[in-house]
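# Results of the structural survey
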Amino acid sequence: MTTLIFAVGIIGTVLSLLVFASPITTFREVVKKKSTENYKVAPYIATFLCTSLWSFYGGLKPGGFLVAAVNGAGALFHCVYILLFLLYSPQHTKVKTAQYVGVVDVGFLAAVISVTVLGLDGTIQLTVLGMLCSGLTAVMYASPLLAMKTVIKTKSVEYMPFLLSLFMFLNAGAWALYSLLVRDFYIGIPNLVGLLLGLAQITVYLMYKEKARATSGKRNMMNAMEIGAYGYECEEKPSKTNTNGYDGRAIKVTQKALKKTNSLPKPTLNREQTIERVLQKALSFGEYNNDYHHDDVYSIIHVRESLESF
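A brief structural summary. (Residues numbered from 1 in each chain as written. Predicted model: local features only at pLDDT ≥ 70, side-chain atom pairs only at ≥ 80, totals over all residues. Heavy atoms only, no water.)

### Notes on the packing of aromatic side chains
Applying the stated criterion across every chain, the model contains 6 aromatic pairs. Geometrically, the ring pair formed by phenylalanine 27 and tyrosine 44 is edge-to-face, given 5.2 Å between the ring centres and 75 degrees between the ring planes. Residue phenylalanine 27 is found in helix 2 (residues 24–33), and its partner tyrosine 44 is found in helix 3 (residues 42–60); the two are separated by 17 residues along the sequence. We note that phenylalanine 27, like tyrosine 44, is buried. (Phe/Tyr/Trp six-rings, centres within 6.5 Å; stacked < 30°, edge-to-face > 60°. Helix = DSSP H or I, 4+ residues; strand = E, 2+ residues; numbered from the N terminus. Buried < 20%, exposed > 50% of the residue type's maximum accessible area, 1.4 Å probe, protein only.)

Structure representation (structure tokens):
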């Protein structure tokens with residue numbers, strides 16, 4: 001049994017470290033773009049508080065070194081994430097984030113540690129702290145529900161990191177099993193909740209990812225139908241030589257249309273236009289006297305009326 005507990009504990013530790021490290025890819029993009037965009041800071045604030053309290057709990061409990069060590073590493077990871085969020089978030093978000101961090105991760109954490117150490121003794125310390133950690137862990141697992149709300153609203157999984165949801169699901173399962181083996185239900189109950197919520201997050205991610213693929217496929221099919229019907233090629237990006245801000249695709253389509261129009265056979269002149277040109281050329285020959293000129297004009301008009309009535 002001891003070997004099984006140790007093995008499950010090691011598996012849980014590795015999975016926890018993967019959970020704590022999974023946002024690295026997200027914050028790499030944040031640093032690259034120098035913007036947090038639509039990412040939410042609430043999961044990182046909640047996780048920092050939770051891991052800090054679990055580290056304290058593991059330090060007080062006999063044989064709780066593994067719990068204290070892995071959660072201490074998690075607290076360090078999330079401290080870095082919060083600092084990066086404060087650095088690259090917009091000004092109004094930055095102020096709110098700083099307020100939340102000050103109240104939750106500094107004020108509340110300091111108050112809990114002070115009350116536990118100064119006001120409680122022995123078993124009561126572990127009971128109160130275990131119940132508090134259990135409740136906060138359930139909140140930590142529920143915090144990505146904000147990302148699920150964004151996914152459902154925008155119908156896009158861009159701002160819901162899949163690796164984080166996957167590793168949280170696996171991590172919750174491992175620690176739920178560990179809690180059964182060591183009979184620590186303060187660890188088991190929140191991780192069972194996390195197991196169910198992690199499954200829900202993965203389901204939502206896969207569902208909307210498939211919808212995004214289907215929408216992209218329909219769009220590509222419509223583009224192919226347009227190319228076949230109208231015989232033009234679409235340029236997704238404007239030409240590099242286009243510095244006037246015009247859409248390169250629209251220009252190319254217009255040029256294609258103009259070429260087709262120019263390639264059509266020239267319309268022939270109708271009879272009336274032909275007669276008018278002949279008359280104009282006839283009147284332009286030589287110089288005429290006024291008398292002869294008027295006679296010629298009347299004669300030509302008479303000929304034109306006769307031809308029109310023909």
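Let's pick the thread back up.
### Things to note about the state of the cysteines
A complete count under the given rule lists 0 disulfides for this structure. Distance from the sulfur of cysteine 50, which forms no disulfide, to the nearest cysteine sulfur (cysteine 133) is 6.4 Å. (Disulfide = S-S within 2.5 Å.)

### Section: a nonpolar patch on the surface
Together, Leu177, Leu180, Phe185, Ile189 and Val193 line one region of the surface with nonpolar side chains, adding up to about 500 Å² of accessible area. Listing elements by their share of the nonpolar patch, those giving two or more residues are helix 8 (162–182) and helix 9 (185–230). Looking at which element gives the most residues to the nonpolar patch, the answer is helix 9, with 3 residues. Structurally, leucine 177 is set in helix 8. (Patch = residues over 30% accessible without salt bridge, like charges linked within 9 Å, V, L, I, M, F, W, Y side chains within 5 Å. Areas by Shrake-Rupley, 256 points an atom, 1.4 Å probe, with all protein chains shown as cover. Salt bridge = Lys/Arg side-chain N within 4 Å of Asp/Glu carboxyl O.)

### Examining the nonpolar core
Grouped together as the largest cluster of nonpolar side chains are 27 residues, with contacts concentrated most on Val19, Leu53, Trp54, Leu129, Cys133 and Tyr141. When contributions to this core are tallied by element, the ones reaching two or more residues are helix 1 (2–21), helix 3, helix 4 (65–88), helix 5 (91–119), helix 6 (122–142), helix 8 and helix 9. Sequence-distant contacts of tryptophan 54, defined by excluding residues within four places in its chain, comprise Val67, Ala68, Asn71, Cys133, Ser134, Thr137, Tyr186 and Ile187. (Core = buried A, V, L, I, M, F, W, Y, C linked by side-chain atoms within 4.5 Å. Contact = heavy atoms within 4.5 Å.)

### Re the packing of helix 2 against helix 4
It is the contact of helix 2 with helix 4, at a shortest axis distance of 11 Å, that shows an interaxial angle of 25 degrees. Between helix 2 and helix 4, the angle falls in the class roughly parallel. Considering the relative orientation of helix 2 and helix 4, their crossing is left-handed. On the side of helix 2, the interface is formed by Ile24, Phe27, Val30 and Val31, while helix 4 contributes Phe77, Tyr81, Leu84, Phe85 and Tyr88. Looking at the contact of helix 2 with helix 4 residue by residue, the class counts come to 9 nonpolar, no polar and no charged. (Axes fitted to C-alpha atoms, helices over the stretch in contact; angles between N-to-C directions. Parallel < 35°, antiparallel > 145°, perpendicular 65-115°, else oblique. Left-handed = near helix turned anticlockwise from the far one by under 90°. Nonpolar A, V, L, I, M, F, W, Y, C, P; charged D, E, K, R; others polar.)

### Digging into the side chain of serine 134
By the element assignment, serine 134 lies in helix 6. Owing to a relative accessible area of 12%, serine 134 belongs among the buried residues under this scheme. Serine 134 has contacts with Trp54, Tyr186, Ile189 and Pro190, leaving out every residue within four places of it along the chain.

### Brief notes about the pattern of salt bridges
Where charged atoms from two side chains of opposite charge come close, those side chains can pair. Evaluated as defined, the whole model comprises 2 salt bridges. Residue lysine 33 pairs with glutamate 37 through a salt bridge whose shortest N-O separation is 3.7 Å. Relative accessible area serves as the criterion here: at 45%, lysine 33 is assigned to the partly exposed category. On the basis of relative accessibility, which here comes to 33%, the residue glutamate 37 falls in the partly exposed class. With a shortest N-O distance of 2.4 Å, aspartate 184 and lysine 61 are connected by a salt bridge. Here the residue aspartate 184 occupies a position in the loop between helix 8 and helix 9, and lysine 61 occupies one in the loop between helix 3 and helix 4, the gap between them amounting to 123 residues. Residue classification places aspartate 184 among the buried positions, given a relative accessible area of 4%. Residue class for lysine 61 comes out partly exposed when judged on its relative accessible area of 25%.

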